[in-house]
Amino acid sequence: GYLFGIPAPIIVLVVCVAGAQFVLSKTYFGRAIYAMGGNAEAARLAGINIRRLQLCTFMLSGFFAAVAALMISSRTMIASPTAGNTYAFDTMTACVLGGISGKLWGGFVGVLIIGVLTNALTLMNVGSYWQDIVKGVILVLALYIDRKQRELNV
């Protein structure tokens, strides 16, 4: 459906990203997640309950997976347990392109890039196997460029 002329999935996406960005940047919980991601042992020694934090982050991951499943089910009008199998590679590629190293907005930009690329390839009648090959080449190129930039900075 639409709300004020904007598709509902876009509104859900913006609300989820904005909420996650707020939590990660403005709360103790978000700082603890970054600390655990940087060095779990150092975070534990700093007094962060790593087990509880891992449980909470897995619960949040499950919540966002459920929201995504609802969006896919409402869009395809089918509830299939294998409906999202093809999205794992796209997600990994988007994270690498967005440079997930502490900024949620980078991942958001990576998702937009992969979404536009997938849409463009579909509109050009490129087969799904060839789409995966193109995305794989882009992933390898992104990793190669990142490696070369790290070598230049060190």
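The structure displayed is predicted, hence computed values, not measured ones. (Residues numbered from 1 in each chain as written. Predicted model: local features only at pLDDT ≥ 70, side-chain atom pairs only at ≥ 80, totals over all residues. Heavy atoms only, no water.)

**Student:** Could you give me a rundown of the packing of helix H5 (residues 87-98) against helix H6 (residues 104-123), with the residues and numbers involved?
**Tutor:** Running from N to C, H5 and H6 cross one another at 125°; their axes reach a closest spacing of 7 Å. When the axis of H5 is compared with that of H6, the two are oblique. Crossing of H5 over H6 shows right-handed handedness. Where H5 abuts H6, its residues Asp 90, Thr 93, Ala 94, Leu 97 and Gly 98 lie against Gly 106, Gly 107, Gly 110, Val 111, Ile 113, Ile 114 and Thr 118. The residue inventory of the contact of H5 with H6, partitioned by class, reads five nonpolar, six polar and one charged. (Axes fitted to C-alpha atoms, helices over the stretch in contact; angles between N-to-C directions. Helix = DSSP H or I, 4+ residues; strand = E, 2+ residues; numbered from the N terminus. Parallel < 35°, antiparallel > 145°, perpendicular 65-115°, else oblique. Left-handed = near helix turned anticlockwise from the far one by under 90°. Contact = heavy atoms within 4.5 Å. Nonpolar A, V, L, I, M, F, W, Y, C, P; charged D, E, K, R; others polar.)

**Student:** I'd like to hear about the packing of H6 against helix H7 (residues 128-153), residue by residue, with values.
**Tutor:** For the pair H6 and H7, interaxial distance at closest approach is 10 Å and the crossing angle is 145°. Crossing handedness for the pair H6 and H7: right-handed. Counted together, Leu 117, Thr 118, Leu 121 and Thr 122 of H6 and Gln 131, Val 134, Lys 135 and Ile 138 of H7 form the full contact between these two elements. Looking at the contact of H6 with H7, its residues break down into four nonpolar, three polar and one charged.

**Student:** Quick one: what's the story with H7, residue by residue and with numbers?
**Tutor:** Taking 1.5 Å per residue as the helical rise, H7 with its 26 residues ought to reach 38 Å, and the 37 Å between its terminal C-alpha atoms agrees with that figure. Those residues of H7 not exposed but buried are Gln 131, Lys 135, Gly 136, Leu 139 and Ala 142. (Expected span 1.5 Å × (residues − 1). Buried < 20%, exposed > 50% of the residue type's maximum accessible area, 1.4 Å probe, protein only.)

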